[in-house]
Amino acid sequence: MHKLSEIRQPLILGEKSYGDITNDIVSPIENKAPKGWYILLTISGLIALWGIGNILYLIGVGIGTWGLNKTVGWAWDITNFVWWVGIGHAGTLISAVLLLFRQRWRMAINRSAEAMTIFAVMMAALFPAIHMGRIWLAYFVFPLPNQFGSLWVNFNSPLLWDVFAISTYFSVSLIFWYIGLIPDFATIRDKVKSPVMRKVYGILSFGWSGKAKHWNRFEEVSLVLAGLATPLVFSVHSIVSFDFATSIVPGWHTTIFPPYFVSGAVFSGFAMVLTLLLVMRKVMHLEDYITIKHIEYMNIVIIVTGSIVGIAYITEMFVSWYSGVEYESYAFLNRATGKYWWAYLIMMSANVISPQLFWFKKLRTNLMFTFIMALIINTGMWFERFVIIVTSVHRDYLPSSWSMFYPTWTDLGVFIGTLGIFMFMFLLFARYFPVLALNELKSILKSNGEKYVKK
Amino acid sequence: MADKVYYALYNDDDDLKGAAKKLVEGGIKVNDVFSPFPVHGLDPIIGVKQTRLGIVAFIFGITGLILALVGFQYFMIGDWPMDIGGKPNQNLLFNLPAFIPVTFEFTVLFAAHGMSLTYLIRNKTLPGMPAENPDPRTTDDHFAIKILKSENPELTDNKVEELLKDTNIVELNQKEF
């Protein structure tokens, strides 16, 4: 039996019993949604539709409608891709890495963080697909026998590694999430009164009945999937960084990229988890489950990963000078002082300086401050990818090729559109899915619940 | 075939474990336990063996690894050796570093999906399967012990009641079928 240390605070506040946990999570699913939910769903739905319209226009007309040019061949498309994949990483970190480390506080946040991961990776995968231009030829990325003779995809290419990394990551995250959801769907199935809902959740729950042997297998599967997802999450963003690091473009050609990208991903992902959870916690009255302590733990992860990112920025800068390669030195000097100095400044202040404020306990336990910080970090991390991608290529080897990148309405529309689609899916999740891992929370109630700890 | 089933309902996991222990010590075979979450320490009492799904994951992982390597040998070395900058692919070993990422992803892909599918099939939890829990409360805050008459021929109603009398039992239901 797990014993809670005296100095640890309980993770489930209020005098909760097993039944209370079920009621707290299932009743919002059964009851009528608040008006705010419909308003938000409508707004995000409209933005999503606008985004889909933009994507269709892009596919119909071609990627010439983006602001790309001969020099800047990758801009917002890949910036958005890396940003969304990065956001996805927090969910897997919370559910897999923290499971292996036996961090019980993850149980209140893992379900929604994993949902966020899945929706974010869907948005991410959209960008490499549409940036191909002719999306109907996307099956070319798979090693399929074809009419061109013995022509296979090039497995030496990091772009192809990405195909395998992202698709594995998405599908493994999805089953990890769903296997955890099955027992909770069963709880909803047995709790709701409406026969239609009972039928729907009955199908979703795959006939789960909570037998002893099933739970035995469930725990083994969760543990092994966590063990598999942990190296997977690190590999995915390492491979994303290889897209740049294996090239010979000054500013991209850096061995520090894999760890730097992974910590940046976790950093931005936690910021997004906080953005979503702080709102959800308030609206769905989950204060007893997602406590101030949970928010504080997440903010501590933000300090750690933010500091790693900061060190990586400075190391990169130092190495560009220390390497003695003038193209490399120029690329970095140009980032900070060239035409895109403002993007660099946003990135530095949002990602390096601002998370350091969380060293103050007063600030990291303040919800409003955390929420604003989370938004700042989300913005900062988007600019990080923009700075890496665009400022490295906009000054080409030949000064005659130098150019700038100006986004068009399609650039903007596709990006804002993915935010809308993401929010739309997350709102549906928050309404119809069990937003907390019921079975996991019940299993820690006796060791971490306020009611039992006090006794 | 006439059979009788007893369901002893509890609302606390420690009471459940105590009752299961008492039953097993009284020589009764517990058929199954239904609970809303994994009750640690219950499996050894009622004789549920540790699952071997971990081994399944390993076997699937090895399969994925081998498939990836066979694929590389065929695509990149055998069928169409690539010659990049005068550095041809000579054999799999020399070119292995570039193939590590996809090999790893393929291993994880196979291990995760193979194990999860095996898990669902072995559990018989698949879309459209009927739920077997005796009471809707067992997915909420109740725990049920299932005892089958056919597995305990000498069992009588009185004996079950006798054994479970002081175990904080909520209800004892019985059904003949």
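The model shown is predicted, which means the values in this text are computed figures rather than measured ones. (Residues numbered from 1 in each chain as written. Chains lettered and ligands numbered in written order. Predicted model: local features only at pLDDT ≥ 70, side-chain atom pairs only at ≥ 80, totals over all residues.)

(A) Expanded view of the overall build of chain B. Scanning chain B for helices and strands turns up five helices and six strands. In chain B, the succession of α and β elements from N to C terminus is β-α-β-α-α-β-β-α-β-α-β. What you see for chain B is a C-alpha radius of gyration of 26 Å, clearly larger than the 16 Å of a compact globule of 177 residues, by over 25%. Dimensions of chain B, computed from C-alpha atoms along their principal axes, come out at roughly 85 × 35 × 30 Å. Here chain B holds 177 residues, and the buried ones make up 38% of them. (Helix = DSSP H or I, 4+ residues; strand = E, 2+ residues; numbered from the N terminus. Rg over C-alpha atoms; globule rule 2.2 N^0.38 Å. Buried ≥ 20, exposed ≤ 12 C-beta atoms within 10 Å, placed from the backbone.)

(B) Structural context of the sheet that holds strand β5 (residues 143-148) of chain B. Residue and element names in this part refer to chain B. Taken in spatial order, the four strands make up an open sheet running β2-β5-β1-β6, and their pairing is antiparallel. Where the open sheet ends on each side, the last strands, each with one partner, are β2 (32-34) and β6 (171-176). Shown here is a sheet whose adjacent strand axes are inclined to one another by a mean of 20°, direction ignored. Here six bridges tie strand β1 (residues 4-10) to β6, and the two strands are oriented antiparallel to one another. Paired with Tyr7 across the two strands is Asn173, which belongs to β6. Sheet contacts for helix α1 (residues 13-25): β1, β2 and β5; angle to β5, the most-contacted strand, approximately 15°. (Pairing = 2+ DSSP bridges. Axes fitted to C-alpha atoms, helices over the stretch in contact; angles between N-to-C directions. Contact = placed C-beta atoms within 7 Å.)

(C) Local environment of the domain arrangement of chain B. You can read the domains of chain B as domain 1 (4-50 + 142-176) and domain 2 (53-123). Its C-alpha centre places domain 1 of chain B at a distance of 47 Å from the equivalent point of domain 2 of chain B. (Domains from an automatic or database assignment.)

(D) Structural detail: the nonpolar core. Grouped together as the largest cluster of nonpolar side chains are 180 residues, with contacts concentrated most on Ala124, Val273 and Leu441 of chain A. Composition of this core by domain shows at least three residues from each of domain 1 (4-50 + 142-176) and domain 2 (53-123) of chain B. Other than its neighbours up to four places away in sequence, Ala124 of chain A contacts Phe81, Trp84, Val85, Gly88 and Ile166 of chain A. (Core = buried A, V, L, I, M, F, W, Y, C linked by C-beta atoms within 7 Å.)

(E) Highlighting the packing of helix α3 (residues 76-100) of chain A against helix α4 (residues 110-131) of chain A. All names here are of chain A. Between α3 and α4, whose axes approach to 7 Å, the crossing angle comes to 155°. Of the possible angle classes, the one that applies to α3 and α4 is roughly antiparallel. As α3 packs across α4, the resulting crossing turns out to be left-handed. Across the contact of α3 with α4, the residue classes tally to 15 nonpolar, eight polar and two charged. (Parallel < 35°, antiparallel > 145°, perpendicular 65-115°, else oblique. Left-handed = near helix turned anticlockwise from the far one by under 90°. Nonpolar A, V, L, I, M, F, W, Y, C, P; charged D, E, K, R; others polar.)

(F) Up close: the interface of chain B and chain A. Chain B puts 55 residues into the contact, and the matching count from chain A is 52 residues. Breaking the side of chain B that touches chain A down by element, the ones donating at least two residues are β2, α2 (43-46), α3 (53-79) and α4 (92-123) of chain B. Looking at which element gives the most residues to the side of chain B that touches chain A, the answer is α4 of chain B, with 18 residues. Each residue belonging to the side of chain B that touches chain A can be placed in one class, and the counts come to 34 nonpolar, 13 polar and eight charged.

(G) Fine view of helix α9 (residues 292-322) of chain A. Residues and elements named next belong to chain A. With 31 residues, α9 extends 44 Å between its outermost C-alpha atoms, agreeing within 8% with the 45 Å of an ideal straight helix rising 1.5 Å per residue. Buried residues of α9: His294, Ile295, Met298, Asn299, Val301, Ile302, Thr305, Gly306, Val309, Ala312, Tyr313 and Ser320, and no others. Taken together, the buried residues of α9 touch α8 (257-283), α10 (326-337), α11 (341-353), α12 (361-364) and α13 (367-393). After α9 finishes, the residue Gly324 shows a positive phi value of roughly 75°. (Expected span 1.5 Å × (residues − 1).)

(H) Inspection of α3 of chain B at higher detail. Counted at 1.5 Å a residue, the expected span for α3 of chain B with its 27 residues is 39 Å, and the 37 Å between its end C-alpha atoms agrees. The axis of α3 of chain B is deflected most strongly, by about 25°, at Gln73 of chain B. Residues of α3 of chain B that are buried include every one of Leu53, Val56, Ala57, Phe60, Gly61, Gly64, Ala68, Phe72 and Met76 of chain B, and no others. Its buried side turned inward, α3 of chain B meets α7 (212-245) of chain A together with α4 of chain B. (Bend = angle between axes of the 7 residues up to and from the residue.)

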